[in-house]
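# Structure at a glance
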Amino acid sequence: MSRTCELTAKAVMTGNNVSHANNKTKRRFLPNLVNVTLISEVLNQNVRLRVSANALRSVEHRGGLDAFLAKADAKELSQRARLLKKQIAKKLAGQPAA
């Protein structure tokens, strides 16, 4: 399982540990990933995703998974999230405007 957020494509970054003597050793900056179950109101189902804590805050801020995926760029989403985005768009297009 890759260390990548499924909604924002946040991934591992590399850099250096720098000591007081200015010695540099390689290190990895890992994203803060959490396994969460998000609810899609349009599809009426629960979706398990591995997302960063930052993405989770963004989902809450935008008003849920459906709203987040509607605004999200498809290039940043994982394959599963892209599929969800298409399903939600298809379901919304099929509903009559109320």
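Here the structure is a predicted model, which is why all the values come from computation and not from measurement.

In terms of regular secondary structure, the protein chain is built from three helices and four strands. Helices and strands appear in the protein chain in the N-to-C order β-β-β-β-α-α-α. For a compact globule of 98 residues, the expected C-alpha radius of gyration is about 13 Å, and the protein chain comes in at 17 Å, more than 25% above that figure. For the protein chain, the C-alpha atoms occupy an extent of roughly 65 × 20 × 20 Å along the three principal directions. Within the protein chain, residue pairs in contact and separated by at least 24 positions form 43% of the contacts whose partners lie at least 6 positions apart. A total of about 7,100 Å² of accessible surface is found on the protein chain, and carbon and sulfur atoms cover 51% of it.

Moving on, we come to the pairing of strand β3 (residues 33-40). With eight bridges joining them, β3 and strand β4 (residues 45-52) adopt antiparallel strand pairing. Bridged to Leu33 within β4 is Ser52.

A separate point is the pairing of strand β1 (residues 13-18). The side chains of a regular strand alternate between the sheet's two faces. In this sheet, strand β2 (residues 24-29) lies alongside β1 in antiparallel orientation, the contact comprising six bridges. Bridge pairing in β2 places Val18 opposite Lys24. Counting the residues in the hairpin turn of β1 and β2 gives five residues, including Asn22, whose phi is positive at 65°.

Right, let's talk about the side chain of Arg50 for a bit. Relative to the helices and strands, Arg50 is located in strand β4. The buried charged residue Arg50 lacks any salt bridge, with Glu6 as its nearest oppositely charged partner at 7.1 Å. In terms of polar contacts, Arg50 uses its side chain to reach the backbone carbonyl oxygen of Ser2, at 3.3 Å. If near-sequence neighbours (up to four positions away) are discounted, Arg50 is found in contact with Met1, Ser2, Arg3, Thr4, Cys5, Glu6, Leu33, Val34 and Asn35.

Here the focus is the nonpolar core. Among the nonpolar cores identified, the biggest contains 20 residues, and Leu7, Leu49, Val51, Leu65 and Leu69 are the most heavily contacted of them. Contributing elements (two or more residues each) for this core: β3, β4, α1 (53-62), α2 (65-71) and α3 (79-94). Those residues within four positions of Leu65 in sequence are excluded, and the remaining contacts are Leu7, Leu38, Ile39, Ser40, Val47, Leu49 and Val59.

Here the structure, examined in full by the defined rule, presents zero aromatic pairs. Lying over the aromatic face of Phe29, Arg27 brings its terminal NZ or CZ to 3.9 Å of the ring centre.

Here we take up α3. Over its 16 residues, α3 runs 23 Å from end to end, which matches the ideal 22 Å to within 8%, given 1.5 Å per residue. Within the span of α3, buried status applies to Ala81, Leu84 and Ile88. Down the axis of α3, the sector holding all buried residues measures 55°, keeping them to one side. Those residues of α3 that are exposed and aimed more than 90 degrees away from the buried face are Gln79, Lys86, Lys90, Ala93 and Gly94. For α3, the secondary structure elements touched by its buried residues are β3, β4 and α2.

Conventions we followed
Residues numbered from 1 in each chain as written. Predicted model: local features only at pLDDT ≥ 70, side-chain atom pairs only at ≥ 80, totals over all residues. Heavy atoms only, no water. Helix = DSSP H or I, 4+ residues; strand = E, 2+ residues; numbered from the N terminus. Rg over C-alpha atoms; globule rule 2.2 N^0.38 Å. Contact = heavy atoms within 4.5 Å. Areas by Shrake-Rupley, 256 points an atom, 1.4 Å probe, with all protein chains shown as cover. Pairing = 2+ DSSP bridges. Buried < 20%, exposed > 50% of the residue type's maximum accessible area, 1.4 Å probe, protein only. Lys, Arg positive; Asp, Glu negative; His and termini not counted. Salt bridge = Lys/Arg side-chain N within 4 Å of Asp/Glu carboxyl O. Polar contact = N/O pair within 3.5 Å; in protein donor to acceptor, adjacent residues only side chain to side chain. Core = buried A, V, L, I, M, F, W, Y, C linked by side-chain atoms within 4.5 Å. Phe/Tyr/Trp six-rings, centres within 6.5 Å; stacked < 30°, edge-to-face > 60°. Lys NZ or Arg CZ within 6 Å of the ring centre and 35° of its normal. Expected span 1.5 Å × (residues − 1). Arc of directions from axis to C-beta.

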